[in-house]
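One-letter residues, chain by chain:
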Amino acid sequence: MIDTLASSGIYIIKTLVGLATYLLLVRFLMQASRANYYNPICQGILRATAILTGPLARVVPSWGRFDGATLVTALLIQTLGICAIMSMAGYGMFAAVYLVWSAVALANSLLSIYFFVLLAYVIMSWIAPYSSQPVAELIRDLAEPICEPARRIIPPLGGLDFSIILVFVGLNLLQNFLLILPLARASGLPTNLVMGL
């Protein structure tokens, strides 16, 4: 019975922490990509995450386009979630390696967000390339900053943009070979500890 309760608690914590960090990271990416803040979806994300970032906004500075308070808040929430999960699983409440695991989890979440944004961007370019819907506008705002450098390497050919394939390959390399999985293995990050890994 305790194992079932612990498993249920771990699942709930993992889900709530995952949702909170995904929202915070989208907020971070909105500022980094200079998304239209008058977009109703952006306004909703800002309002939903303001209660989390508010306390640190006065202390942690922003670095140009990068919102330090949002990133630090996401790191703290991820670390607290890992501490709670490890404690429920019968391990220590805190260890320094949990911070490394949190950073790896956040980096993986950022790459996952970009993967799904790019996937939606490709689908949107087929179905409604000039849509002015708030969702389409946010997807364009988030995707364009990482697609533009790839277009300098592979320019559009005959109206088809193949540069996005280069971005997908880059994301896959970072997640599976160059950054996320090697760091997760090197730091001993348990599988299924965080959302998306």
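Residues numbered from 1 in each chain as written. Predicted model: local features only at pLDDT ≥ 70, side-chain atom pairs only at ≥ 80, totals over all residues. Heavy atoms only, no water.

Please set out the environment of G54 residue by residue, giving values where relevant.
Its location among the elements puts G54 in helix α2 (residues 40-57). We classify G54 as partly exposed; its relative accessible area is 23%. In this structure, the C-alpha to C-alpha distance between G54 and D67, residues 13 residues apart in sequence, is 12 Å. (Helix = DSSP H or I, 4+ residues; strand = E, 2+ residues; numbered from the N terminus. Buried < 20%, exposed > 50% of the residue type's maximum accessible area, 1.4 Å probe, protein only.)

Residue-level account of unusual backbone geometry, with values.
Backbone phi values are negative for most residues with the exception of glycine, while trans is the configuration of most peptide bonds. Although it is not a glycine, R34 adopts a positive phi angle of roughly 55°. Exposure remark for R34: the relative accessible area of 60% places this residue in the exposed category.

Outline α2, supporting the account with residue identities and numerical values.
For α2, which comprises 18 residues, the first-to-last C-alpha distance of 22 Å sits more than 12% below the rise-based estimate of 26 Å (1.5 Å per residue). Taken as a whole, α2 carries its principal kink of about 60° at A50. With a side-chain oxygen lying 2.9 Å from the backbone nitrogen of I41, the N-terminal cap of α2 falls on N39. (Expected span 1.5 Å × (residues − 1). Bend = angle between axes of the 7 residues up to and from the residue. Polar contact = N/O pair within 3.5 Å; in protein donor to acceptor, adjacent residues only side chain to side chain.)

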